[in-house]
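Residue-level structural notes
Listed below, chain by chain, are the residues.
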Amino acid sequence: MAIEFTKYHGLGNDFILIDNRSSLTPVLTPEKAVQWCDRHFGIGADGVIFALPGQNGTDYTMRIFNSDGSEPEMCGNGIRCLAVFLTELEGISRTKDKYHIHTLAGVITPQLTDDGQVKVDMGEPRLLAGEIPTTITSRDSQVINQPLEVAEKTWDVTCVSMGNPHCITFVEDVAAINLEGIGPQFESHPVFPKKTNTEFIQVVNRNYLKMRVWERGAGITLACGTGACASLVAGVLNGKCDRTAIIELPGGPLEIEWSAVDNRIYMTGTAERVFTGKY
Ligand SMILES: N[C@@H](CCC[C@H](N)C(=O)O)C(=O)O
């Protein structure tokens, strides 16, 4: 039987959204998700997102399969798309502009803003090596500016978890990075037991960073919300940027703040519906 879907994107990081509110079990298997995400033989997307019933007092649950069928803990651009999708599903019965969403990374709270964007309380970054997880060791158990050998080169990396793992490295020129060549080697490096997303960051000034990303389970994408949050944290920890900055991605800008008051990360950006269909 055909399943209804809506395609969305957050800065070109694109997702197939499915109304799964009648069950806690996703209507697609990971294998089917791979086929749906295929850009030649399917609909084409970086992942499939399911809007499921809430758990433990939350409004809804989000689950996501990457385009390779693996299941990440969280997706920053995806949760903005989910928030807009939920407003469309609720229609005139909608009573709120803020949702508490159960995810594998904890409760995440997106809120629609007056200018049509979505601001997300992404929670607190996790910095301990065991929380990333990574086996890279350092004196205080945080991985900040530590050397890592990848593709016959030593990279200084900082590791941050936003529920999902991120490895950040600062470079002179993001455009010069051979993402396709080295991204997979970071992703599957033995120091990351759950693999990793990798962000290459060029600091333009203390409030403006350029980023390119190789995503775990999806490869090169035009944007990564959790990656932008993790990169701002890495920038602050390395003394390279302020606690609020614009992160410029190939698909567009995200505004990221790491609050000194509550230690939480706030991400603001767009989410656009592309089309609906049945498949
Ligand atoms: N693009 C997403 C992250 C999606 C999950 C990631 N590929 C992983 O496996 O951790 C974002 O916007 O955060």
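Residues numbered from 1 in each chain as written. Predicted model: local features only at pLDDT ≥ 70, side-chain atom pairs only at ≥ 80, totals over all residues. Heavy atoms only, no water.

With respect to the helices and strands, the residue A223 is situated in the loop between β13 (219-220) and α4 (225-237). For the pair formed by A223 and V213, sequence separation is ten residues and the distance between their alpha carbons is 7.1 Å. What A223 contacts, discounting residues up to four positions off in sequence, is G10, L11, N13, N77, V213, E215 and L249. (Helix = DSSP H or I, 4+ residues; strand = E, 2+ residues; numbered from the N terminus. Contact = heavy atoms within 4.5 Å.)

With respect to the helices and strands, N197 occurs in strand β11 (residues 197-205). Its relative accessible area of 3% is what places N197 among the buried residues. For N197 and W214, which are 17 residues apart along the polypeptide, the C-alpha to C-alpha distance reads 6.0 Å. Apart from residues no more than four positions distant in its own chain, N197 is found in contact with N164, P165, H166, C167, W214, E215 and R216. (Buried < 20%, exposed > 50% of the residue type's maximum accessible area, 1.4 Å probe, protein only.)

Here we take up the UniProt feature "active site" (unreviewed entry) in the chain. Per the UniProt annotation, the sites labelled "active site" (unreviewed entry) are C75 and C224. Over a stretch of 150 residues, the named residues converge on one spot in the fold, their C-alpha atoms separated by at most 7.7 Å. With a relative accessible area of 9%, C75 lands in the buried category. The contact partners of C75, leaving out residues within four places of it in the chain, are F15, M62, I64 and T226. Among the structural elements, C224 can be located in the loop between β13 and α4. When near neighbours in sequence (up to four residues on either side) are disregarded, C224 contacts N13, N77, H166, E199, M211, V213, E215, L249 and L254. (UniProt positions renumbered as here; feature names shortened; annotations may be inferred.)

Next up on the list: the pattern of salt bridges. By the definition in use, this model includes ten salt bridges. Residues R216 and E73 are paired through a salt bridge, measuring 2.8 Å at the closest nitrogen-oxygen approach. Of this pair, R216 sits in the loop between β12 (208-215) and β13 while E73 sits in the loop between β4 (60-66) and α2 (76-90), and the two are 143 residues apart along the sequence. R216 gets classed as buried once you look at its relative accessible area, which sits at 9%. (Salt bridge = Lys/Arg side-chain N within 4 Å of Asp/Glu carboxyl O.)

What follows deals with the site of the ligand. The immediate surroundings of the ligand are formed by 14 residues, with N13, G76, E215, G225 and T226 found nearest. Here an oxygen atom of the ligand sits 2.9 Å away from a polar atom, N or O, in the side chain of N197. Take G225: an N or O atom from its main chain is 2.6 Å from an oxygen atom of the ligand. For the ligand, whose free accessible area comes to 360 Å², the fraction covered by protein is 99%. Elements with a contribution of two residues or more to the shell around the ligand: α2 and α4. Among the residues making up the shell around the ligand, the classes are represented as four nonpolar, eight polar and two charged. (Near = heavy atom within 4 Å. Polar contact = N/O pair within 3.5 Å; in protein donor to acceptor, adjacent residues only side chain to side chain. Areas by Shrake-Rupley, 256 points an atom, 1.4 Å probe, with all protein chains shown as cover. Nonpolar A, V, L, I, M, F, W, Y, C, P; charged D, E, K, R; others polar.)

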